[in-house]
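# Report on the structure
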Amino acid sequence: MEQGLEVALTDLQSSWNNVRHHTEEISSDRLLVRRGQAFNITLYFRKRGFQPGLDNIIFVAETGPLPDLSNGTRALFSLAGHHGPSPWIASLETNGASSLEVSLCAPPTAAVGRYLLKVHIDCFQKSVTAYQLGEFILLFNPWCPGDSVYLDSEPQRQEYVVNDYGFIYQGNKNWIRPCPWNYGQFEENIIDICLELLDKSLNFQIDPATDCALRGSPVYISRVVCAMINSNDDNGVLNGNWSESYLDGINPAEWTGSVAILKQWHATGCQPVRYGQCWVFAAIMCTVMRCLGIPTRVITNFDSGHDTDGNLIIDEYYDSTGRILENKKKDTVWNFHVWNECWMARKDLPPGYGGWQVLDATPQETSNGLYCCGPASVRAIKEGEVDLNYDTAFAFSMVNADCMSWLVYGGKEQKIHRDTNTVGNFISTKSIQSDERDDVTENYKYIEAKTHSCRIPYSQYSQYLSTDKLIRISALGEEKNSPEKILVDKIITLAYPGIMINVLGAAIVNQPLSIQVLFSNPLSEHVADCVLTVEGSGLFKKQQRVLIGILKPQHRASITLETVPFKSGQRQIQANLRSNKFKDIKGYRNVYVDLRL
């Protein structure tokens, strides 16, 4: 009688698989693989080897406390490839006398997290034996085109997933200071702390089955992590403190890396660590997201707006003496603010809004009842699509809000100034595979003046030119099919073309001296009736007058005059050019006349 197939030992090939899955820096002893990419394991049997015609091997992969086939947290998939509709794949690699090497692959949409791998062996279609093969951790896969976090640039994957250090920019727009930070996403136990963070979220506490089922979505995961980095709603990682009093904790400026913070949070039973500010929140989130496999970078925005009422305007109120009314001040502009960008597809948005997404873990305003912000599409922010999920209007105000000044008097508020340029400058992140700063401002906003160049010829403005050389230009703009109109004007002071005077040789009393006068016609038209006059006390007996006539467009002219100085000492040559187009173009040159013979 044929004996049943019994599993004696399982080799998860952790070291080899982890190298292929870019997780070898996390561990070589534990299996950590990425979804959408195959990994190999070997089963060793006790009494006989696998017989394809007689034995049916069914693999089971389960995650979460309530694994279920219907929500994707439990998968059944056969080595024969015909067991159910599961997107998980098992295929035979080598079949030895007492061993079997198989290739397993989770779909690129599978929930990430800790999995238990089992096998059911059906022998002769009579008896089923179940074995636990071991645990593995499944991560997002930016190397897999089918994964929604796929990034098609290897240098970017190395920078935004693999690189474990970086720079966070602080200071102000006039003094941008790079501060080094150790993300340490591959340090010992960090992956376990990251998974613990997911399990401590309010979502998991309320409905663990649904939470685990949704962990295949980077949009969902990023919102959960964002809320868990701060502790405003839960036992998140960090307490924020902007009071400058840190006696019962650590000054946020003293932190230099994420590992100590995450390990302290874990070691104290998930009690929030004191204290953090915006750059610490962003740095911790960068560590967690890179550890989970989502490409992430840290962004600094200088002159960052905080709009509290959702009107996309930073409002400031002043009394009649010019003092800010602190009791009405709710909106602010920070010297700098730091958040994250995470790379992911956005199938929940219209096409074109995937890619970099803003996520801000600093607790500023609530989003669907929790202190988190994003993911908000960077492209949506630039295009002003503020109604798209999530929190795009708030993110837009951080980089592109207008600043409005109000005068409060007699119970009334009067608008006195609107500034469209203050908010959102020098938006910065670390460059790819370089320690230099990369300015990404143009990803977030168009240049404030979408300018229209126009050339005004002299013939159009000459008749309006006054003796003070000032002209006022006004432009009226209106939007098509809209009653809105915008008027702008500018007073321009015109610069006349200059006159250059060169003294050719030494100036000596009673000795001949050549003086060169250079000037040009800057106009694109002829200039007529040109007259040059030159004089200088002690240099010329009388004013020199030269009739030049016509100067061609863009033409440069040179006139050389001969004279004999008759007085020594410091002298000045003065020249004046007049024409039908412009008058009183002046120039001068000081010259010292020597007495020596």
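Quick look at the structure, then. (Residues numbered from 1 in each chain as written. Predicted model: local features only at pLDDT ≥ 70, side-chain atom pairs only at ≥ 80, totals over all residues. Heavy atoms only, no water.)

## Observations regarding the overall build of the protein
Helix and strand counts for the protein come out as twelve helices and 31 strands. Here the C-alpha atoms of the protein give a radius of gyration of 37 Å, more than 25% beyond the 25 Å that 2.2 N^0.38 yields for 597 residues. Across the 597 residues in the protein, those meeting the buried criterion constitute 49%. Long-range contacts, defined here as pairs at least 24 residues apart, represent 63% of the contacts in the protein between residues at least 6 apart. For the protein, the exposed area adds up to about 29,300 Å²; of that, 49% sits on carbon and sulfur atoms. (Helix = DSSP H or I, 4+ residues; strand = E, 2+ residues; numbered from the N terminus. Rg over C-alpha atoms; globule rule 2.2 N^0.38 Å. Buried < 20%, exposed > 50% of the residue type's maximum accessible area, 1.4 Å probe, protein only. Contact = heavy atoms within 4.5 Å. Areas by Shrake-Rupley, 256 points an atom, 1.4 Å probe, with all protein chains shown as cover.)

## Quick word on helix 8 (residues 278-292)
Between its first and last C-alpha, helix 8 extends 21 Å over 15 residues, near the 21 Å set by a 1.5 Å rise per residue. Backbone geometry just after helix 8 places Gly293 at a positive phi near 105°. (Expected span 1.5 Å × (residues − 1).)

## A look at the pattern of salt bridges
Per the stated rule, a full pass over the model turns up 19 salt bridges. Linking Arg30 and Asp192 is a salt bridge whose minimum nitrogen-to-oxygen distance equals 2.7 Å. You can see Arg30 sitting in the loop between helix 1 (14-20) and strand 2 (32-34) and its partner Asp192 sitting in helix 3 (residues 190-199), a full 162 residues away along the chain. Classification of Arg30 by relative accessible area gives partly exposed; the value is 32%. Of the charged contacts in the structure, one is a salt bridge between Lys173 and Asp303, with a shortest N-O distance of 3.5 Å. (Salt bridge = Lys/Arg side-chain N within 4 Å of Asp/Glu carboxyl O.)

## What to know about the packing of helix 6 (residues 218-229) against helix 8
Orientation of helix 6 relative to helix 8, taken along the N-to-C sense of each, is 145°, at an axis distance of 10 Å. Considering only the axes of helix 6 and helix 8, their crossing is right-handed. Contact residues: Ile221, Ser222, Val225, Cys226 and Ile229 in helix 6; Phe281, Ile284, Met285, Val288, Met289 and Leu292 in helix 8. Of the residues contributing to the contact of helix 6 with helix 8, the split by class is ten nonpolar, one polar and no charged. (Axes fitted to C-alpha atoms, helices over the stretch in contact; angles between N-to-C directions. Left-handed = near helix turned anticlockwise from the far one by under 90°. Nonpolar A, V, L, I, M, F, W, Y, C, P; charged D, E, K, R; others polar.)

## Observations regarding the nonpolar core
Generally speaking, soluble globular proteins have nonpolar side chains that are buried together. Leu197, Val225, Ile229 and Leu292 are the most contacted members of the largest nonpolar core, which totals 64 residues. The dominant element in this core, judged by the number of residues it contributes, is helix 8, at 13 residues. Not counting residues up to four positions away in its chain, the partners in contact with Leu292 are Leu139, Phe140, Ile191, Cys194, Leu195, Ile221 and Val225. By size, the runner-up hydrophobic cluster in this structure holds 33 residues, among which are Leu43, Ile57, Leu100 and Ala106. (Core = buried A, V, L, I, M, F, W, Y, C linked by side-chain atoms within 4.5 Å.)

## What about the sheet that holds strand 28 (residues 544-551)?
Reading across from one edge, 28-27-30-31 is the order of the four strands in this open sheet, with antiparallel pairing throughout. On the outer flanks of this sheet lie strand 28 and strand 31 (585-593), each paired with one strand and no other. Strand-to-strand twist in this sheet, taken as the mean axis angle between neighbours without regard to direction, amounts to 20°. Here strand 27 (residues 527-535) runs beside strand 28; their pairing, made up of six bridges, is antiparallel. Directly across from Val527, in strand 28, lies its bridge partner Leu551. (Pairing = 2+ DSSP bridges.)

## Notes on the environment of Thr42
Summarising the element assignment, Thr42 is placed in strand 3 (residues 39-45). Along the sequence, Thr42 and Asn95 sit 53 residues apart, while their C-alpha atoms lie 9.7 Å from each other. Not counting the four nearest positions on each side in its chain, Thr42 is found in contact with Leu9, Thr10, Asp11, Gln13, Ser99, Leu100 and Glu101. Engagement of the side chain of Thr42 in a polar contact is seen with the side chain of Gln13, the distance being 2.8 Å. (Polar contact = N/O pair within 3.5 Å; in protein donor to acceptor, adjacent residues only side chain to side chain.)

## Remarks on the packing of aromatic side chains
Inspection of the entire model under this criterion finds 15 aromatic pairs. Measuring from centroid to centroid gives 6.4 Å for Tyr165 and Phe167, while their planes differ by 85°, and the two rings are edge-to-face. On the basis of relative accessible area, Phe167 is assigned to the buried category, the value being 17%. On the basis of an interplanar angle of 20° and a centroid distance of 6.3 Å, the ring pair of Tyr317 and Trp406 is categorised as stacked. Here Trp406 lies in strand 19 (residues 402-409) and Tyr317 lies in strand 15 (residues 313-318), a separation of 89 residues in the sequence. Like Trp406, Tyr317 is buried. Ring pairing ties together the aromatic residues Phe39, Phe59, Phe77, Trp88, Tyr115 and Phe136, which thus form one cluster. The ring of Trp356 carries Arg297 above its face, with NZ or CZ at 4.2 Å from the centroid. (Phe/Tyr/Trp six-rings, centres within 6.5 Å; stacked < 30°, edge-to-face > 60°. Lys NZ or Arg CZ within 6 Å of the ring centre and 35° of its normal.)

## Digging into the sheet that holds strand 26 (residues 513-520)
Read from one edge to the other, the open sheet built from three strands follows the order 25-26-29, with strand pairing classed as antiparallel. Two strands bound the open sheet, and with one partner strand each, they are strand 25 (500-504) and strand 29 (556-563). Each strand of the sheet is rotated relative to its neighbour by a mean of 20°, with strand direction disregarded. For strand 26 and strand 29, the ladder comprises eight bridges, and the chain directions are antiparallel. Paired with Val517 across the two strands is Ile559, which belongs to strand 29.

## Looking at helix 2 (residues 154-162)
Taken together, the buried positions of helix 2 are occupied by Arg157, Glu159, Tyr160, Val161 and Val162. Where helix 2 is buried, its residues contact strand 2, helix 8, strand 14 (296-306), strand 17 (355-359) and strand 21 (425-430).

## What about the environment of Leu12?
Residue placement: Leu12 occurs in the loop between strand 1 (7-11) and helix 1. In this structure Leu12 comes out as buried when scored by relative accessible area, which is 15%. Distance from Leu12 to Asp348, taken between C-alpha atoms, is 36 Å for residues 336 residues apart in sequence. Apart from the residues within four sequence positions on either side, Leu12 is in contact with Asn17, Leu31, Asn40, Ile41, Leu133, Gly134 and Glu135.

## Observations regarding unusual backbone geometry
The omega torsion across Arg274 and Tyr275 is 10°, close enough to zero to call that bond cis. By secondary structure assignment, the location of Tyr275 is in strand 13 (residues 273-276). Backbone torsion omega between Asn389 and Tyr390 reads -5°, so that peptide bond is classified as cis. Within the secondary structure layout, Tyr390 lies in the loop between helix 9 (378-383) and helix 10 (392-400).

## Quick look at the side chain of Ser103
Residue placement: Ser103 occurs in strand 7 (residues 99-105). What makes Ser103 buried here is its relative accessible area of 8%. Among all residues touching Ser103, those that are not within four sequence positions of it are Ala38, Phe39, Asn40, Ile89, Ala90, Ser91 and Glu93.

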